[in-house]
Amino acid sequence: AQLSSIDGFGTPQPNLELVPASDTDRVEELLAETDALMIGTDDVESVVDPSILNYLMDPEKVKNLKRVVAMSRNLNGSGMGMFVSASRKAANAQVWDNSSA
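Residues numbered from 1 in each chain as written. Predicted model: local features only at pLDDT ≥ 70, side-chain atom pairs only at ≥ 80, totals over all residues. Heavy atoms only, no water.

Peer 1: Looking at this structure, how should I read the pattern of salt bridges?
Peer 2: A full pass over the atoms with the stated rule returns three salt bridges. Among the ionic pairs, Arg 26 bridges to Glu 29, the shortest N-O distance being 2.7 Å. With Arg 26 and Glu 29 both in helix H1 (residues 24-33) and three residues apart, this pair spans about one turn of that helix. Judged by relative accessible area, Arg 26 falls into the partly exposed class, the value being 25%. The salt bridge involving Asp 58 is made with Lys 61; its shortest N-O contact spans 3.7 Å. The class for Asp 58 is partly exposed, based on a relative accessible area of 22%. Where salt bridges share partners, they join Glu 17, Arg 26 and Glu 29 into one cluster. (Salt bridge = Lys/Arg side-chain N within 4 Å of Asp/Glu carboxyl O. Helix = DSSP H or I, 4+ residues; strand = E, 2+ residues; numbered from the N terminus. Buried < 20%, exposed > 50% of the residue type's maximum accessible area, 1.4 Å probe, protein only.)

Take a look at the structure:
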C-alpha cells in the first residue's frame, strides 16, 4: 500500500513523507538527516514502548533531532488526560492539551 499526504484540495504535500515502519532502509536514511519526528498511532502501548523510542531517537543514528511529536486519535476532545495536562504544566508549554490556557 502506498502512503500519501494530501491537503484539503487534493494536492500532495511536498515536505512530508509518510514511511511505513516495514521500510527499514528508508527509515534509516531519513533518521540520519531529519531534525523532527512525527509518530502517529492508534496503539498507544506500541508508541511508548522504550525499545521503539530508543531506536527512533538513537543519537548514533539521529544526529540532528530537535523535536518529536507523538499523535494518537485516543487523545482527542477535551480532557486529554492526566499525562498530557501534567506534561504541559510541568515541563513543556508547547504540549497541546486542548485547554483554553
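Peer 1: What is the right way to look at the confidence of the model for the protein in this model?
Peer 2: One rule of thumb: low pLDDT means the predicted coordinates there are not for detailed reading. Scored by pLDDT, the protein comes out at a mean of 74, with 59% of its residues at no less than 70. Within the protein, the element-level pLDDT minimum falls on helix H2 (residues 44-47), averaging 60, and the maximum on H1, averaging 92. (pLDDT = per-residue confidence, 0-100.)

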